[in-house]
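# Chains, contacts and geometry: an overview
Okay, here's what each chain looks like letter by letter:
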Amino acid sequence: MHLLDPQHQADAIEQAAQRLADGGLLAMPTETVYGLAARADDDAAVARIFAAKGRPADHPLIVHVPNQAAAFSFVSAFPPVAQRLTQAFWPGPLTVIVPRNPEIATAAAGGHDTIGLRCPDHPVARALLDECAKRDILGLAAPSANRFGRISPTRAEHVVEEFKGQGQGLDEVWVLEGGPCGVGIESTIIDCSRGHPVLLRPGKLTLAEIEAVAGEPVQWSRPEAPDPLAPKASGTLESHYAPRAKVRLMDDERLNAALDVMEPELSAAVIRDPQQAPRIAVYSRSLWAWRPKHKAIVHLSMPGDAATAAHDLFADLRELDATGVELIWVETPPDDPAWDGVRDRLNRAAAS
Ligand code: TXA
Ligand code: MG
(Lines give C-alpha, C1' and ligand atoms only; values in the text may rest on other atoms or scores of the structure.)
(Ligands and ions follow the chains in the order given, each with its own letter.)
Protein backbone atom coordinates (compact mmCIF):
# COMPACT_ATOMS: atom_id res chain seq x y z
CA MET A 1 0.00 0.00 0.00
CA HIS A 2 1.42 3.32 -1.05
CA LEU A 3 -0.27 6.54 0.11
CA LEU A 4 0.02 9.61 -2.12
CA ASP A 5 -0.92 12.92 -0.53
CA PRO A 6 -1.58 15.69 -3.05
CA GLN A 7 -1.45 18.29 -0.24
CA HIS A 8 2.17 17.58 0.56
CA GLN A 9 3.44 16.19 -2.68
CA ALA A 10 2.97 18.41 -5.70
CA ASP A 11 3.64 15.59 -8.12
CA ALA A 12 1.36 13.00 -6.46
CA ILE A 13 -1.28 13.42 -9.15
CA GLU A 14 1.30 13.03 -11.90
CA GLN A 15 2.66 9.87 -10.29
CA ALA A 16 -0.87 8.56 -9.89
CA ALA A 17 -1.69 9.25 -13.54
CA GLN A 18 1.50 7.56 -14.68
CA ARG A 19 0.67 4.55 -12.52
CA LEU A 20 -2.70 4.30 -14.27
CA ALA A 21 -1.14 4.84 -17.70
CA ASP A 22 1.10 1.84 -16.98
CA GLY A 23 -1.94 -0.35 -16.25
CA GLY A 24 -1.72 -0.19 -12.43
CA LEU A 25 -4.44 0.20 -9.81
CA LEU A 26 -5.05 3.38 -7.87
CA ALA A 27 -7.60 4.16 -5.16
CA MET A 28 -8.89 7.66 -5.83
CA PRO A 29 -11.13 10.03 -3.90
CA THR A 30 -14.46 11.16 -5.37
CA GLU A 31 -17.19 13.28 -3.79
CA THR A 32 -19.27 10.12 -3.16
CA VAL A 33 -16.90 7.36 -2.02
CA TYR A 34 -13.32 6.29 -2.84
CA GLY A 35 -13.01 4.31 -6.08
CA LEU A 36 -10.50 1.64 -7.09
CA ALA A 37 -9.42 2.83 -10.52
CA ALA A 38 -7.75 1.41 -13.60
CA ARG A 39 -7.71 2.78 -17.14
CA ALA A 40 -11.02 1.80 -18.71
CA ASP A 41 -9.52 1.29 -22.17
CA ASP A 42 -7.21 -1.51 -20.96
CA ASP A 43 -9.04 -4.80 -20.28
CA ALA A 44 -5.99 -6.31 -18.54
CA ALA A 45 -5.77 -3.37 -16.12
CA VAL A 46 -9.51 -3.60 -15.44
CA ALA A 47 -9.16 -7.33 -14.74
CA ARG A 48 -6.90 -6.39 -11.80
CA ILE A 49 -9.80 -4.46 -10.24
CA PHE A 50 -12.05 -7.51 -10.32
CA ALA A 51 -9.29 -9.64 -8.80
CA ALA A 52 -8.54 -7.10 -6.04
CA LYS A 53 -12.18 -6.69 -5.07
CA GLY A 54 -13.09 -10.34 -5.38
CA ARG A 55 -15.94 -9.17 -7.62
CA PRO A 56 -17.54 -11.42 -10.26
CA ALA A 57 -16.26 -10.37 -13.71
CA ASP A 58 -19.75 -9.87 -15.16
CA HIS A 59 -20.62 -7.12 -12.65
CA PRO A 60 -20.21 -3.89 -14.65
CA LEU A 61 -18.09 -1.03 -13.32
CA ILE A 62 -18.66 2.72 -13.62
CA VAL A 63 -16.32 4.60 -15.94
CA HIS A 64 -15.23 8.05 -14.76
CA VAL A 65 -14.67 10.74 -17.37
CA PRO A 66 -13.42 14.35 -17.19
CA ASN A 67 -16.40 15.77 -19.13
CA GLN A 68 -19.34 15.00 -21.41
CA ALA A 69 -17.17 15.09 -24.55
CA ALA A 70 -14.94 12.34 -23.13
CA ALA A 71 -18.03 10.27 -22.36
CA PHE A 72 -18.87 10.08 -26.07
CA SER A 73 -15.86 7.81 -26.79
CA PHE A 74 -17.51 5.09 -24.73
CA VAL A 75 -21.00 5.20 -26.22
CA SER A 76 -22.78 4.08 -29.37
CA ALA A 77 -25.63 6.50 -28.59
CA PHE A 78 -26.19 9.18 -25.98
CA PRO A 79 -29.98 9.41 -25.56
CA PRO A 80 -31.49 12.90 -25.11
CA VAL A 81 -32.45 12.16 -21.50
CA ALA A 82 -28.81 11.28 -20.71
CA GLN A 83 -27.80 14.56 -22.39
CA ARG A 84 -30.16 16.55 -20.20
CA LEU A 85 -29.20 14.79 -16.98
CA THR A 86 -25.43 15.01 -17.50
CA GLN A 87 -25.71 18.63 -18.63
CA ALA A 88 -27.49 19.47 -15.37
CA PHE A 89 -25.70 17.26 -12.85
CA TRP A 90 -22.13 16.76 -14.11
CA PRO A 91 -19.69 17.07 -12.56
CA GLY A 92 -21.56 15.44 -9.71
CA PRO A 93 -22.93 12.28 -8.07
CA LEU A 94 -24.85 10.98 -11.09
CA THR A 95 -24.11 7.89 -13.19
CA VAL A 96 -25.94 7.31 -16.48
CA ILE A 97 -26.21 3.91 -18.14
CA VAL A 98 -26.14 4.28 -21.94
CA PRO A 99 -25.51 2.00 -24.97
CA ARG A 100 -21.81 1.12 -25.15
CA ASN A 101 -19.43 1.56 -28.05
CA PRO A 102 -18.67 -2.16 -28.63
CA GLU A 103 -15.04 -1.36 -29.52
CA ILE A 104 -14.10 -0.22 -26.01
CA ALA A 105 -14.27 -0.98 -22.28
CA THR A 106 -15.65 -4.50 -22.68
CA ALA A 107 -14.08 -5.66 -19.40
CA ALA A 108 -15.20 -2.52 -17.51
CA ALA A 109 -18.76 -3.09 -18.73
CA GLY A 110 -18.61 -6.72 -17.58
CA GLY A 111 -19.32 -7.72 -21.19
CA HIS A 112 -22.67 -5.88 -21.22
CA ASP A 113 -23.72 -3.80 -24.22
CA THR A 114 -24.33 -0.76 -22.00
CA ILE A 115 -21.90 1.31 -19.96
CA GLY A 116 -22.17 3.35 -16.75
CA LEU A 117 -20.56 6.80 -17.00
CA ARG A 118 -19.94 9.45 -14.39
CA CYS A 119 -18.02 12.73 -14.19
CA PRO A 120 -17.01 13.14 -10.54
CA ASP A 121 -16.97 16.47 -8.71
CA HIS A 122 -13.91 16.25 -6.48
CA PRO A 123 -10.90 18.51 -7.05
CA VAL A 124 -8.39 15.64 -6.75
CA ALA A 125 -10.44 13.35 -9.03
CA ARG A 126 -10.80 16.12 -11.60
CA ALA A 127 -7.09 16.95 -11.54
CA LEU A 128 -6.32 13.24 -11.89
CA LEU A 129 -8.70 12.79 -14.85
CA ASP A 130 -7.15 15.82 -16.57
CA GLU A 131 -3.65 14.45 -15.99
CA CYS A 132 -4.81 11.07 -17.34
CA ALA A 133 -6.28 12.75 -20.46
CA LYS A 134 -2.80 14.16 -21.18
CA ARG A 135 -1.64 10.53 -21.32
CA ASP A 136 -4.45 9.57 -23.74
CA ILE A 137 -6.42 7.74 -21.06
CA LEU A 138 -10.07 8.13 -22.05
CA GLY A 139 -11.61 7.29 -18.70
CA LEU A 140 -11.10 5.43 -15.43
CA ALA A 141 -13.11 2.36 -14.50
CA ALA A 142 -13.62 2.58 -10.75
CA PRO A 143 -15.95 0.65 -8.49
CA SER A 144 -16.05 1.59 -4.83
CA ALA A 145 -12.67 0.69 -3.27
CA ASN A 146 -13.94 -2.01 -0.91
CA ARG A 147 -13.93 -5.81 -0.99
CA PHE A 148 -17.01 -7.17 -2.77
CA GLY A 149 -20.19 -6.81 -0.72
CA ARG A 150 -18.65 -4.70 2.03
CA ILE A 151 -19.06 -1.09 3.12
CA SER A 152 -17.81 1.54 0.66
CA PRO A 153 -14.84 3.61 1.89
CA THR A 154 -15.34 7.33 2.48
CA ARG A 155 -11.83 8.04 3.77
CA ALA A 156 -8.39 7.01 2.54
CA GLU A 157 -7.79 5.05 5.76
CA HIS A 158 -10.88 2.93 5.04
CA VAL A 159 -9.30 1.86 1.74
CA VAL A 160 -6.13 0.87 3.54
CA GLU A 161 -8.22 -1.15 6.06
CA GLU A 162 -10.06 -2.92 3.22
CA PHE A 163 -7.02 -4.17 1.41
CA LYS A 164 -4.23 -4.58 3.96
CA GLY A 165 -3.12 -8.13 4.53
CA GLN A 166 -5.23 -9.45 1.65
CA GLY A 167 -2.25 -10.69 -0.34
CA GLN A 168 -2.94 -11.16 -4.06
CA GLY A 169 -0.49 -8.40 -4.93
CA LEU A 170 -2.65 -5.82 -3.17
CA ASP A 171 0.43 -4.13 -1.79
CA GLU A 172 0.41 -2.86 -5.36
CA VAL A 173 -2.67 -0.73 -4.68
CA TRP A 174 -1.76 2.94 -4.45
CA VAL A 175 -4.06 5.28 -2.59
CA LEU A 176 -4.44 8.95 -3.53
CA GLU A 177 -5.49 10.87 -0.41
CA GLY A 178 -8.35 13.33 -0.87
CA GLY A 179 -9.83 13.76 2.59
CA PRO A 180 -13.28 12.55 3.72
CA CYS A 181 -15.83 12.24 0.87
CA GLY A 182 -18.40 15.05 0.95
CA VAL A 183 -21.50 13.11 -0.16
CA GLY A 184 -20.69 9.82 1.55
CA ILE A 185 -22.98 7.43 -0.37
CA GLU A 186 -22.50 6.24 -3.95
CA SER A 187 -23.84 8.08 -7.00
CA THR A 188 -27.44 7.97 -8.15
CA ILE A 189 -27.64 5.60 -11.14
CA ILE A 190 -30.13 6.27 -13.95
CA ASP A 191 -30.47 3.73 -16.75
CA CYS A 192 -31.02 5.75 -19.95
CA SER A 193 -30.67 2.76 -22.28
CA ARG A 194 -34.22 1.38 -22.12
CA GLY A 195 -36.26 4.07 -23.86
CA HIS A 196 -37.54 5.45 -20.54
CA PRO A 197 -35.31 6.43 -17.59
CA VAL A 198 -35.09 4.00 -14.68
CA LEU A 199 -33.56 4.71 -11.28
CA LEU A 200 -31.27 1.80 -10.41
CA ARG A 201 -29.68 3.20 -7.24
CA PRO A 202 -30.83 6.23 -5.23
CA GLY A 203 -28.19 8.67 -4.03
CA LYS A 204 -27.88 12.29 -3.06
CA LEU A 205 -30.02 13.58 -5.95
CA THR A 206 -33.70 13.07 -5.22
CA LEU A 207 -36.14 11.47 -7.65
CA ALA A 208 -37.98 14.81 -7.92
CA GLU A 209 -34.77 16.68 -8.87
CA ILE A 210 -34.01 14.08 -11.52
CA GLU A 211 -37.53 14.02 -12.95
CA ALA A 212 -37.56 17.83 -13.17
CA VAL A 213 -34.50 17.71 -15.44
CA ALA A 214 -35.44 14.51 -17.30
CA GLY A 215 -38.78 16.10 -18.22
CA GLU A 216 -40.47 12.71 -17.88
CA PRO A 217 -41.29 10.26 -15.09
CA VAL A 218 -38.40 8.14 -13.83
CA GLN A 219 -39.34 4.58 -13.00
CA TRP A 220 -38.21 3.20 -9.65
CA SER A 221 -39.21 -0.01 -7.99
CA ARG A 222 -38.59 0.74 -4.35
CA PRO A 223 -37.24 -2.28 -2.52
CA GLU A 224 -39.43 -3.20 0.45
CA ALA A 225 -37.86 -2.46 3.80
CA PRO A 226 -37.01 -5.84 5.27
CA ASP A 227 -39.08 -6.80 8.29
CA PRO A 228 -36.55 -7.73 11.00
CA LEU A 229 -38.94 -10.30 12.45
CA ALA A 230 -39.91 -11.96 9.18
CA PRO A 231 -38.04 -15.04 7.95
CA LYS A 232 -35.30 -14.13 5.47
CA ALA A 233 -36.40 -14.36 1.83
CA SER A 234 -33.13 -14.81 0.05
CA GLY A 235 -32.51 -12.98 -3.19
CA THR A 236 -35.12 -10.28 -2.59
CA LEU A 237 -32.50 -7.66 -1.83
CA GLU A 238 -28.93 -7.55 -2.95
CA SER A 239 -26.88 -7.98 0.20
CA HIS A 240 -24.41 -5.17 0.04
CA TYR A 241 -22.79 -2.45 2.09
CA ALA A 242 -22.68 -4.92 4.92
CA PRO A 243 -20.66 -4.66 8.10
CA ARG A 244 -19.61 -7.87 9.83
CA ALA A 245 -22.21 -7.39 12.54
CA LYS A 246 -25.86 -8.15 11.71
CA VAL A 247 -27.84 -5.01 11.00
CA ARG A 248 -31.52 -4.78 12.00
CA LEU A 249 -33.76 -1.82 11.20
CA MET A 250 -36.62 -0.79 13.51
CA ASP A 251 -38.72 2.30 14.03
CA ASP A 252 -38.17 4.19 17.29
CA GLU A 253 -41.11 2.53 19.04
CA ARG A 254 -39.89 -0.94 18.24
CA LEU A 255 -36.34 0.02 19.10
CA ASN A 256 -37.40 1.25 22.53
CA ALA A 257 -39.41 -1.90 23.14
CA ALA A 258 -36.49 -4.10 22.04
CA LEU A 259 -34.12 -2.22 24.35
CA ASP A 260 -36.52 -2.64 27.28
CA VAL A 261 -36.24 -6.39 26.78
CA MET A 262 -32.56 -6.47 25.91
CA GLU A 263 -31.08 -4.24 28.62
CA PRO A 264 -31.93 -6.52 31.56
CA GLU A 265 -30.90 -9.60 29.56
CA LEU A 266 -27.54 -8.09 28.73
CA SER A 267 -27.04 -6.99 32.36
CA ALA A 268 -27.68 -10.53 33.51
CA ALA A 269 -25.30 -11.91 30.88
CA VAL A 270 -22.57 -9.46 31.92
CA ILE A 271 -22.98 -10.54 35.57
CA ARG A 272 -22.82 -14.23 34.57
CA ASP A 273 -19.73 -13.93 32.42
CA PRO A 274 -18.38 -10.49 31.44
CA GLN A 275 -16.01 -12.01 28.84
CA GLN A 276 -18.66 -14.00 26.99
CA ALA A 277 -21.57 -11.56 27.25
CA PRO A 278 -22.91 -10.43 23.86
CA ARG A 279 -22.64 -6.76 22.90
CA ILE A 280 -24.91 -4.78 20.66
CA ALA A 281 -24.81 -1.34 19.08
CA VAL A 282 -27.65 1.14 18.67
CA TYR A 283 -27.57 3.72 15.85
CA SER A 284 -30.50 6.06 16.21
CA ARG A 285 -31.70 9.61 15.61
CA SER A 286 -34.42 9.93 18.23
CA LEU A 287 -32.53 8.35 21.15
CA TRP A 288 -29.80 10.98 20.99
CA ALA A 289 -30.17 11.87 24.67
CA TRP A 290 -30.35 8.25 25.76
CA ARG A 291 -27.37 6.67 27.51
CA PRO A 292 -26.98 2.91 27.69
CA LYS A 293 -26.89 1.58 31.26
CA HIS A 294 -23.76 -0.48 30.72
CA LYS A 295 -20.94 -1.19 28.31
CA ALA A 296 -22.68 -4.12 26.62
CA ILE A 297 -24.53 -1.55 24.53
CA VAL A 298 -22.67 0.88 22.29
CA HIS A 299 -24.69 3.90 21.22
CA LEU A 300 -23.98 6.25 18.33
CA SER A 301 -26.32 9.01 17.15
CA MET A 302 -27.40 9.13 13.52
CA PRO A 303 -27.39 12.75 12.27
CA GLY A 304 -30.84 14.29 12.04
CA ASP A 305 -30.57 15.66 8.50
CA ALA A 306 -30.28 13.48 5.41
CA ALA A 307 -27.12 15.03 3.91
CA THR A 308 -25.12 14.74 7.14
CA ALA A 309 -26.48 11.24 7.73
CA ALA A 310 -25.26 10.21 4.24
CA HIS A 311 -21.90 11.85 4.86
CA ASP A 312 -21.37 9.96 8.13
CA LEU A 313 -23.17 6.66 7.38
CA PHE A 314 -20.37 4.37 6.19
CA ALA A 315 -17.75 5.74 8.61
CA ASP A 316 -20.23 5.27 11.48
CA LEU A 317 -21.05 1.68 10.45
CA ARG A 318 -17.33 0.93 10.25
CA GLU A 319 -16.81 2.46 13.71
CA LEU A 320 -19.63 0.39 15.20
CA ASP A 321 -18.36 -2.75 13.49
CA ALA A 322 -14.88 -2.14 14.87
CA THR A 323 -16.21 -2.31 18.44
CA GLY A 324 -16.80 -6.03 17.83
CA VAL A 325 -20.57 -5.96 18.47
CA GLU A 326 -22.66 -8.83 17.12
CA LEU A 327 -25.73 -6.79 16.31
CA ILE A 328 -26.32 -3.24 15.14
CA TRP A 329 -29.86 -1.99 15.76
CA VAL A 330 -30.56 0.93 13.48
CA GLU A 331 -33.50 3.28 13.70
CA THR A 332 -35.38 3.34 10.37
CA PRO A 333 -34.68 6.63 8.55
CA PRO A 334 -37.61 9.03 8.00
CA ASP A 335 -39.97 8.18 5.16
CA ASP A 336 -38.90 11.24 3.19
CA PRO A 337 -37.40 11.37 -0.35
CA ALA A 338 -34.29 13.17 0.93
CA TRP A 339 -33.51 9.98 2.89
CA ASP A 340 -33.96 7.54 -0.06
CA GLY A 341 -30.22 7.01 -0.50
CA VAL A 342 -29.48 6.39 3.18
CA ARG A 343 -32.56 4.17 3.55
CA ASP A 344 -31.49 2.12 0.51
CA ARG A 345 -27.99 1.49 1.92
CA LEU A 346 -29.36 0.54 5.34
CA ASN A 347 -31.95 -1.82 3.81
CA ARG A 348 -29.18 -3.54 1.89
CA ALA A 349 -26.95 -3.75 4.95
CA ALA A 350 -29.84 -5.31 6.86
CA ALA A 351 -30.54 -7.79 4.07
CA SER A 352 -27.31 -9.71 4.53
O1 TXA B 1 -20.38 6.92 -6.51
C2 TXA B 1 -20.10 5.96 -7.21
O3 TXA B 1 -20.80 5.61 -8.16
C4 TXA B 1 -18.82 5.20 -6.88
C5 TXA B 1 -17.62 6.12 -7.10
C6 TXA B 1 -16.30 5.43 -6.96
O7 TXA B 1 -17.75 6.75 -8.35
N8 TXA B 1 -18.70 4.00 -7.66
C9 TXA B 1 -19.46 2.91 -7.41
O10 TXA B 1 -19.16 1.83 -8.22
O11 TXA B 1 -20.32 2.86 -6.57
P12 TXA B 1 -19.62 0.32 -7.91
O13 TXA B 1 -18.94 -0.50 -8.94
O14 TXA B 1 -19.38 -0.05 -6.51
O15 TXA B 1 -21.13 0.33 -8.26
C16 TXA B 1 -21.48 0.35 -9.60
C17 TXA B 1 -22.92 0.03 -9.76
C18 TXA B 1 -23.17 -1.45 -9.64
O19 TXA B 1 -24.33 -1.65 -8.87
C20 TXA B 1 -23.40 -1.87 -11.08
O21 TXA B 1 -24.27 -2.94 -11.17
C22 TXA B 1 -23.96 -0.60 -11.71
O23 TXA B 1 -23.29 0.42 -11.08
N24 TXA B 1 -23.62 -0.54 -13.13
C25 TXA B 1 -22.46 -0.16 -13.70
N26 TXA B 1 -22.51 -0.30 -15.03
C27 TXA B 1 -23.73 -0.75 -15.33
C28 TXA B 1 -24.41 -1.12 -16.53
N29 TXA B 1 -23.82 -1.06 -17.70
N30 TXA B 1 -25.67 -1.55 -16.43
C31 TXA B 1 -26.30 -1.63 -15.22
N32 TXA B 1 -25.71 -1.33 -14.05
C33 TXA B 1 -24.45 -0.90 -14.10
MG1 MG C 1 -19.67 -0.72 -4.61
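Bear in mind that the values here come from a model prediction, so they are computed numbers and not experimental data.

## Considering the pairing of strand S13 (residues 297-301)
Burial of S13 is extensive: four of the five residues sit out of reach of the surface. Here strand S12 (residues 280-284) runs beside S13; their pairing, made up of five bridges, is parallel. Its bridge partner being in S13, Ile 280 is matched across the sheet by Ile 297.

## Section: the domain arrangement of the protein
Partitioning the protein into structural domains gives domain 1 (2-220) and domain 2 (246-350). Its C-alpha centre places domain 1 at a distance of 31 Å from the equivalent point of domain 2. With 23 residues of domain 1 at the interface, the matching set in domain 2 holds 17 residues. With both chains or domains summed, domain 1 and domain 2 bury close to 1400 Å², and 57% of this area falls on carbon and sulfur atoms. Between Arg 318 and Glu 162 there is a salt bridge, and its shortest N-O distance comes to 2.9 Å. The tally of links from domain 1 across to domain 2 stands at seven residue pairs in polar contact (both at pLDDT 80 or more). Elements with a minimum of two residues in the side of domain 1 that touches domain 2: helix H6 (156-163) and strand S10 (198-201). In terms of residue count, H6 provides more of the side of domain 1 that touches domain 2 than any other element does, three residues in total.

## As for the nonpolar core
Core analysis: the largest hydrophobic core is formed by 50 residues, its most contacted members being Leu 36, Val 63, Val 65, Phe 74, Leu 85, Val 98 and Leu 117. Listing elements by their share of this core, those giving two or more residues are strand S3 (35-39), helix H2 (43-53), helix H3 (68-71), helix H4 (80-89), strand S5 (94-99), strand S6 (114-118), H6 and helix H7 (207-214). Examining the composition of this core, we find that five residues originate from one element, H2, more than from any other. Excluding residues within four positions of it along the chain, Phe 74 makes contact with Ala 40, Val 63, Val 65, Pro 99, Arg 100, Asn 101, Ile 104, Ala 105, Ile 115, Leu 117, Leu 138 and Gly 139. By size, the runner-up hydrophobic cluster in this structure holds 27 residues, among which are Leu 300, Met 302, Ala 309 and Ala 350.

## A look at the confidence of the model for the protein
Residues of the protein with pLDDT of at least 70 account for 91%, and the chain-wide mean is 90. Ignoring residues within four places in sequence, the model shows residues 226-237, a span with pLDDT below 50, making 15 contacts including any to other chains.

## Overview of the side chain of Glu 186
Within the element layout of this structure, Glu 186 appears in the loop between strand S8 (174-176) and strand S9 (188-191). With relative accessibility at 4%, the residue Glu 186 sits in the buried group. Of the polar contacts made by the side chain of Glu 186, one reaches the side chain of Ser 152; its length is 2.4 Å. Within the local environment of Glu 186, its side chain forms a polar contact with the side chain of Arg 345, the two groups lying 2.7 Å apart.

## Re the sheet that holds strand S1 (residues 2-4)
Strand order in the open sheet made by the ten strands is S1-S8-S2-S3-S7-S4-S6-S5-S9-S10, with mixed pairing throughout. Lying at the two open borders of the sheet, with one neighbouring strand each, are S1 and S10. Note: strand S2 (residues 26-28) against S8, two bridges, orientation parallel. Note on S8: the bridge partner recorded for Leu 26 is Trp 174. Here H6 sits on the sheet and contacts S1, S2, S3 and S8; the angle it forms with S8, its principal contact strand, is near 165°.

## What to know about the site of ligand 1
Lining the immediate environment of ligand 1, one finds 20 residues, of which Thr 32, His 64, Ser 144, Ser 187 and Arg 201 sit closest. Between ligand 1 and the protein, one listed contact pairs an oxygen atom with a side-chain N or O atom of His 64 at 2.6 Å. Arg 201 places a side-chain nitrogen or oxygen 2.9 Å from an oxygen atom of ligand 1. The fraction of the free accessible surface of ligand 1 (680 Å²) that becomes covered by protein chains is 86%. For ligand 1, the cavity whose grid points lie within 2 Å of the majority of its atoms is the largest pocket. Those elements that provide at least two residues to the shell around ligand 1 are strand S4 (62-64) and S6. It is S6 that contributes the most residues to the shell around ligand 1, four residues altogether.

Cut-offs applied
- Residues numbered from 1 in each chain as written.
- Chains lettered and ligands numbered in written order.
- Predicted model: local features only at pLDDT ≥ 70, side-chain atom pairs only at ≥ 80, totals over all residues.
- Heavy atoms only, no water.
- Buried < 20%, exposed > 50% of the residue type's maximum accessible area, 1.4 Å probe, protein only.
- Helix = DSSP H or I, 4+ residues; strand = E, 2+ residues; numbered from the N terminus.
- Pairing = 2+ DSSP bridges.
- Domains from an automatic or database assignment.
- Contact = heavy atoms within 4.5 Å.
- Buried area = accessible area lost by both parts, 1.4 Å probe.
- Salt bridge = Lys/Arg side-chain N within 4 Å of Asp/Glu carboxyl O.
- Polar contact = N/O pair within 3.5 Å; in protein donor to acceptor, adjacent residues only side chain to side chain.
- Core = buried A, V, L, I, M, F, W, Y, C linked by side-chain atoms within 4.5 Å.
- pLDDT = per-residue confidence, 0-100.
- Axes fitted to C-alpha atoms, helices over the stretch in contact; angles between N-to-C directions.
- Near = heavy atom within 4 Å.
- Areas by Shrake-Rupley, 256 points an atom, 1.4 Å probe, with all protein chains shown as cover.
- 1 Å grid on protein atoms, 1.4 Å probe; cavity = no way out; pocket = protein on both sides within 12 Å on 5 of 7 lines; lining within 4 Å.
- Sits in = over half its atoms within 2 Å of the grid points.

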